[in-house]
2 protein chains.
Amino acid sequence: MPTVLRAPDDFHVHLRQAPMLGPVVRETARWFDRALVMPNTTPPVTTPELLRAYRREIEAELDPGSRFRPLLTFKLVSALRPDDLEPLRDAGAVGGKLYPQGVTTNSADGVTDVEALYPLFQAMQELGLVLEIHAEEPGAFSLDRERAFLPRIERIVARFPRLRVVIEHVSTAAALSLLASLPETVAATVTVHHLLLTLDDVVGGELAPHNFCKPIAKRPADRDAIRAAVLGGDERVFFGSDSAPHRRGAKESACGCAGVYTAPVAIPLLAELFEREGVPLTEAEARGGPSLERFVARYGAEFYGLPLNERTITLVASESTVPDEYDDVVPFRAGARLRYALGDHGGS
Amino acid sequence: MPTVLRAPDDFHVHLRQAPMLGPVVRETARWFDRALVMPNTTPPVTTPELLRAYRREIEAELDPGSRFRPLLTFKLVSALRPDDLEPLRDAGAVGGKLYPQGVTTNSADGVTDVEALYPLFQAMQELGLVLEIHAEEPGAFSLDRERAFLPRIERIVARFPRLRVVIEHVSTAAALSLLASLPETVAATVTVHHLLLTLDDVVGGELAPHNFCKPIAKRPADRDAIRAAVLGGDERVFFGSDSAPHRRGAKESACGCAGVYTAPVAIPLLAELFEREGVPLTEAEARGGPSLERFVARYGAEFYGLPLNERTITLVASESTVPDEYDDVVPFRAGARLRYALGDHGGS
């Protein structure tokens, strides 16, 4: 009996640039009808022209008839002025991404003084742009970076009560505790890998570069808190994969890049997790309670004020093995068995 | 003005097997007059015959006239019987190494039931053999493994009050706190990398497989506690490098091996650390206080009941760059600048 789900959204994805762009876009579009596209390209997306150009590049890679729609973001850089934001919104940006300096891939140009961005946050609040935050404090010890950043979020939320804020790829129980104390204007995305991994999956046995990401996976108690929020149906916690492909040579290296390529496996892995934990996959089955479908296809859209996707996808119980690589990118869980696959026609 | 030190001992080293054995032995012998050689070869050193054979292999690789002397150990495996230990001691073993199962390289055959080894510990106590412990609890979260193992050490020490026990490559403040509370029969070794690294040097920026070791480097507070013990001249804390070469391909891999090759750089790096922290390098300069010379050439020998080395080595202030590799092994701090080098003739 196939499982029919509303087509999901991925509220945090790295689609990269040519030549990686094409296969990554098509893989994401197989599974998702929309994706919030991160702007940390080279150069970063900081102007309406760059934003439009990046969208054109993405759309040019889609198969004919694809219903996938990229949701573009811009990168908050110190050169931006409040007046620059309306043209970005008019070009289609739904949000602006804050990268503290040096915390992840292509963030050497990141922000060193968050408060200096307050005039931009003010403009974003007025324009209805969402502030997406990579919430790690530069300079703090790796396992403490997310927690150390949280007071900044509290101050932003207190100062801009109508600004919608997303704490991206939460990795700690502390971030979820804070979220619970904050108003409805604040939400968080969760990746599939932070639902499944702890630091032990990176350094606990042999070193596992293909499980290495920022923020780094943390303690079992952190992973369990993330699972509890997601499986408990917290509607301010929704799916953003942070799927972030790097070529094998850049991962299996003396200086390995951070990022996990989850686009091809995220939905099957989430389905297995929900099923294993006894949480329904579909809204129909859940009768108003938590479900995979809400996590991937409702809560995020509602927070962003977007209509729900109309298309559906079909998951079929069909065993398969995760490929060792996709165009020289080793995917998350390479070689592992999956119990679910996308139905033949993808969806309808 | 060159610095003359009593030739150091390395109380924890992996010399490996042919073809890696030769260059590693000669590099270790350049710096150290003795080294306690770990027995986790393939097959492991568990019999007098294997121990003698391994010593012959090591000695065959030494340059003519070398004064280097390997101190052999055997691996504690469940097949050993108390009666097996006297022949091992007579073959020259100075200690037996306990590897809990699965905690590091070649430990799949490690111990699952530490208490089942108590008859061996009893025999070791009677024979004057030292118990060297890789103190990590299998199954615990990586950052907690050392701390989780400590109660086992307390029980062993309480049960065998005359058994000399070394907690190898301590990586936590907790282990040093425990050590302070235990009698003089217990000591600890410290590596150069645990004096210099934290987890951030492995996963805090890009992934750094050449800083990946077991036990994994921990928090800054742990590193600081290790530094305080060493720089403060705790005489039960002495140098054991845990130098553990792996070929580049085994480190920069989808499944990277744990181990850091420090033999070529350990003494210069230690000299820089002591100097930077204002602790004398030589005993003469220290006038009874802490010094590098005591850490590397006195405390360990005294704990093991060995005479101090008579030879000296000479450190000269001479800038050099750590090579990118030694026979396909990337050393610790590859590419970094060193301020000290071994004097022309090594020593006298």
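Our subject is the structure that appears above.
Reading guide: rules and limits
- Residues numbered from 1 in each chain as written.
- Chains lettered and ligands numbered in written order.
- Predicted model: local features only at pLDDT ≥ 70, side-chain atom pairs only at ≥ 80, totals over all residues.
- Helix = DSSP H or I, 4+ residues; strand = E, 2+ residues; numbered from the N terminus.
- Rg over C-alpha atoms; globule rule 2.2 N^0.38 Å.
- Buried ≥ 20, exposed ≤ 12 C-beta atoms within 10 Å, placed from the backbone.
- Least-squares fit on C-alpha atoms with pLDDT ≥ 70 in both.
- Contact = placed C-beta atoms within 7 Å.
- Nonpolar A, V, L, I, M, F, W, Y, C, P; charged D, E, K, R; others polar.
- Arc of directions from axis to C-beta.
- Pairing = 2+ DSSP bridges.
- Axes fitted to C-alpha atoms, helices over the stretch in contact; angles between N-to-C directions.
- Right-handed = clockwise from strand over helix to strand, strands pointing away.
- Parallel < 35°, antiparallel > 145°, perpendicular 65-115°, else oblique.
- Left-handed = near helix turned anticlockwise from the far one by under 90°.

Trainee: Got a sec to walk through the overall build of chain A? Specific residues and values, please.
Mentor: When helices and strands are counted, chain A shows 14 helices and 11 strands. Taken over the C-alpha trace, chain A has a radius of gyration of 19 Å; the compact-globule value for 348 residues is 20 Å, and the two agree within 12%. For chain A, the spread of C-alpha atoms along the principal axes amounts to about 55 × 45 × 45 Å. In chain A, which comprises 348 residues, the proportion classed as buried is 51%.

Trainee: Describe the relation of the copies chain A and chain B, listing the residues and the values that go with them.
Mentor: Rotating chain A by 180 degrees about the axis while translating it 0.0 Å along that axis superimposes it on chain B, leaving an RMSD of 0.0 Å. Both copies are brought into coincidence by an operation consistent with a two-fold rotation axis. The rotation axis passes nearest to the C-alpha of Glu252(A) in chain A, at a distance of 2.5 Å. An overlap of 100% is found between the interface residues of chain A and their copies at the interface of chain B, pointing to a shared contact surface.

Trainee: Outline the interface of chain A and chain B, supporting the account with residue identities and numerical values.
Mentor: Taken residue by residue, the interface counts 24 residues in chain A and 24 residues in chain B. Looking at the side of chain A that touches chain B element by element, the count peaks at four residues for helix α8 (residues 200-204) of chain A. Partitioning the side of chain A that touches chain B into residue classes produces 15 nonpolar, five polar and four charged.

Trainee: Quick one: what's the story with helix α4 (residues 118-127) of chain B, residue by residue and with numbers?
Mentor: Residue and element names in this part refer to chain B. Those residues of α4 lying buried are Leu120, Phe121, Ala123 and Met124. For α4, the angular spread of buried residues about the axis comes to 160 degrees, placing them on one side. Next to the buried residues of α4 lie α3 (85-90), β5 (95-98), β6 (130-133) and α5 (145-159). Immediately beyond the C-terminal end of α4, within one or two residues, lies Gly128, with a positive phi of roughly 75 degrees.

Trainee: How would you summarise the sheet that holds β6(B) if you had to cite specific residues and measurements?
Mentor: Residue and element names in this part refer to chain B. Spatial ordering of the open sheet is given by β2-β3-β4-β5-β6-β7-β8-β9, a layout of eight strands whose pairing is parallel. Because the sheet does not close on itself, it has two edges, and the strands there are β2 (9-13) and β9 (237-239). Each strand axis lies, on average, 30 degrees off the axis of its neighbour in the sheet, ignoring direction. By the bridge criterion, four bridges tie β5 to β6 in an arrangement that is parallel. From the neighbouring strand, Leu98 faces β6, where its bridge partner is Ile133. Lying over the sheet, helix α2 (residues 48-60) contacts β3 (34-37) and β4 (69-75), oriented at roughly 150 degrees with respect to β4.

Trainee: Could you give me a rundown of the pairing of β5(B), with the residues and numbers involved?
Mentor: Residues and elements named next belong to chain B. Burial along β5 is two-sided: Gly95 and Lys97 and Gly96 and Leu98, pointing in opposite directions, are all buried. As defined by bridge partners, β4 adjoins β5 across three bridges and the pair is classed as parallel. Along β5, the bridge assignment pairs Phe74 with Gly96. Handedness of the crossover is the feature at issue here: the chain leaves β5, passes through α4, returns alongside β6, and the resulting connection is right-handed.

Trainee: Can you tell me about the sheet that holds strand β4 (residues 69-75) of chain A, naming the residues and giving the values?
Mentor: All names here are of chain A. Taking strand neighbours across the sheet as the criterion, the eight strands line up as β2-β3-β4-β5-β6-β7-β8-β9 in an open arrangement whose pairing is parallel. The sheet is open, and its two edges are formed by β2 (9-13) and β9 (237-239), each paired on a single side. Between one strand and the next, the sheet's axes are offset by a mean angle of 30 degrees, whatever the strand orientation. Taken together, the four bridges between strand β3 (residues 34-37) and β4 define a ladder with parallel strand orientation. Each residue of the ladder has a partner; that of Arg34, found in β4, is Arg69.

Trainee: Before we move on, could you go through the environment of Pro82(A) and cite the residues and values that matter?
Mentor: Residues and elements named next belong to chain A. Along the chain, Pro82 falls in the loop between β4 and α3 (85-90). In the structure, Pro82 is positioned 47 residues away from Leu129 in sequence and 12 Å away in space, judged by C-alpha atoms. Beyond its immediate sequence surroundings of up to four residues, Pro82 is in contact with Pro119, Leu120, Gln122 and Ala123.

Trainee: Explain the packing of α5(B) against helix α6 (residues 173-181) of chain B to me, using residue names and the numbers behind them.
Mentor: Residues and elements named next belong to chain B. Axis separation between α5 and α6 bottoms out at 9 Å; the angle between their running directions is 20 degrees. Comparing the axis directions of α5 and α6 gives the class roughly parallel. The chirality of how α5 crosses α6 is right-handed. In contact with Glu146, Arg147, Leu150 and Ile153 of α5, α6 contributes Ala174, Ala175 and Leu178.

Trainee: Which residues make up unusual backbone geometry, and what are the values?
Mentor: With an omega of -5 degrees, the peptide bond running from Thr42(A) to Pro43(A) counts as cis. By the secondary structure assignment, Pro43(A) is in the loop between β3 and α2 (48-60). Following Lys214(B), the chain continues into Pro215(B) via a peptide bond in cis, with omega recorded as -10 degrees. The residue His169(A) is not glycine, and still its phi comes out positive at about 40 degrees. With 27 C-beta atoms packed within 10 Å, His169(A) lands in the buried category. Of note in the backbone geometry, Arg333(A) takes a positive phi value of approximately 65 degrees without being a glycine.

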